[in-house]
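Single-letter residue listing:
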Amino acid sequence: MKFLFVNGVNLNMTGEREKGVYGTQTLDQINAEISVHFKGDKCEFFQSNIEGEICTAIQSADKNGFDGVILNAGAYTHYSIAIRDAIASVKTPVIEVHMSNVHAREEFRHKSVISEVCRGVICGFGKNSYILAAESFKL
Ligand code: DQA
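The following paragraphs examine the structure supplied in this document. Every value quoted in this text rests on a predicted model; they were computed, and no experiment measured them.

Before going further, it helps to spend a moment on the overall build of the chain. Assigned secondary structure in the chain consists of 5 helices and 5 strands. What you see in the chain, going N to C, is helices and strands ordered as β-α-α-β-α-β-α-β-β-α. Expected size for 139 residues packed as a compact globule is a radius of gyration near 14 Å; at 14 Å, the chain falls within 12% of this value. If you line up the chain on its principal axes, its C-alpha atoms span 35 × 35 × 30 Å. For the chain, buried positions account for 47% of its 139 residues. The long-range fraction of contacts in the chain, counting pairs at least 24 apart against all pairs at least 6 apart in sequence, stands at 78%. Entry remark: accessible area of the chain is about 6,800 Å², with carbon and sulfur atoms responsible for 51%. Across the chain, the centroid of the 14 positively charged side chains sits 3 Å from that of the 16 negatively charged ones.

Inspection of every chain in the model, using the stated rule, returns 7 salt bridges. As a salt-bridge pair, Lys-138 and Asp-41 come within 2.9 Å of each other at their nearest N and O atoms. On the criterion of sequence distance, the pair formed by Lys-138 in the segment after α5 (128-135) and Asp-41 in the loop between α2 (27-37) and β2 (42-47) is long-range, its members being 97 residues apart. Looking at Lys-138, the relative accessible area reads 39%, which means it is partly exposed. Sharing partners across several salt bridges, the network here consists of Glu-18, Arg-105, Glu-106 and Arg-109.

Right, let's talk about the site of the ligand for a bit. Taken together, Arg-17, Tyr-22, Asn-72, Gly-74, Ala-75, His-78, His-98, Met-99, Ser-100, Val-102 and Arg-109 make up all the residues around the ligand. Measuring from an oxygen atom of the ligand, one finds a side-chain N or O atom of Arg-17 at 2.9 Å. In the model, an oxygen atom of the ligand is placed 2.8 Å from a nitrogen or oxygen of the Met-99 main chain. The fraction of the free accessible surface of the ligand (320 Å²) that becomes covered by protein chains is 98%. Here the shell around the ligand is composed, by residue class, of 4 nonpolar, 5 polar and 2 charged.

Basis of the calculations
Residues numbered from 1 in each chain as written. Predicted model: local features only at pLDDT ≥ 70, side-chain atom pairs only at ≥ 80, totals over all residues. Heavy atoms only, no water. Helix = DSSP H or I, 4+ residues; strand = E, 2+ residues; numbered from the N terminus. Rg over C-alpha atoms; globule rule 2.2 N^0.38 Å. Buried < 20%, exposed > 50% of the residue type's maximum accessible area, 1.4 Å probe, protein only. Contact = heavy atoms within 4.5 Å. Areas by Shrake-Rupley, 256 points an atom, 1.4 Å probe, with all protein chains shown as cover. Lys, Arg positive; Asp, Glu negative; His and termini not counted. Charge placed at Lys NZ, Arg CZ, Asp CG, Glu CD. Salt bridge = Lys/Arg side-chain N within 4 Å of Asp/Glu carboxyl O. Near = heavy atom within 4 Å. Polar contact = N/O pair within 3.5 Å; in protein donor to acceptor, adjacent residues only side chain to side chain. Nonpolar A, V, L, I, M, F, W, Y, C, P; charged D, E, K, R; others polar.

These figures capture arrangement, not role.
Rendered as structure tokens:
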């Protein structure tokens, strides 16, 4: 299968920021582990702090025949109508993921504007949230 893992704003700081919440591994290290886990599949990785670039990545996954997008939009999850509309505009299924359990955190993280246009939501399993999301395409 062909998966695109998209990480949004501030996820490039993983391993450096709030280590108690997001762990000590960098995003590159996490992505390397994901590649090993899915060694029989094609995995591509994209990170951007820019909302529009995330929208373009979602659109390009659809145009390039990806089976699924695994999206951690970071804080954009909670308010980006542009990312929501990008997800709604493509046929490729998108799964929303978060490393932390957003429902056990601040109230403003409980609201997602993208969940209703995503195939599903996985949160709270650290780096394994990405793997669990992609594994769901194989069930
Ligand atoms: C996050 C949760 C978001 O609320 C936060 O803004 C992030 C990371 C997570 O992976 O747990 O940047 O998406």
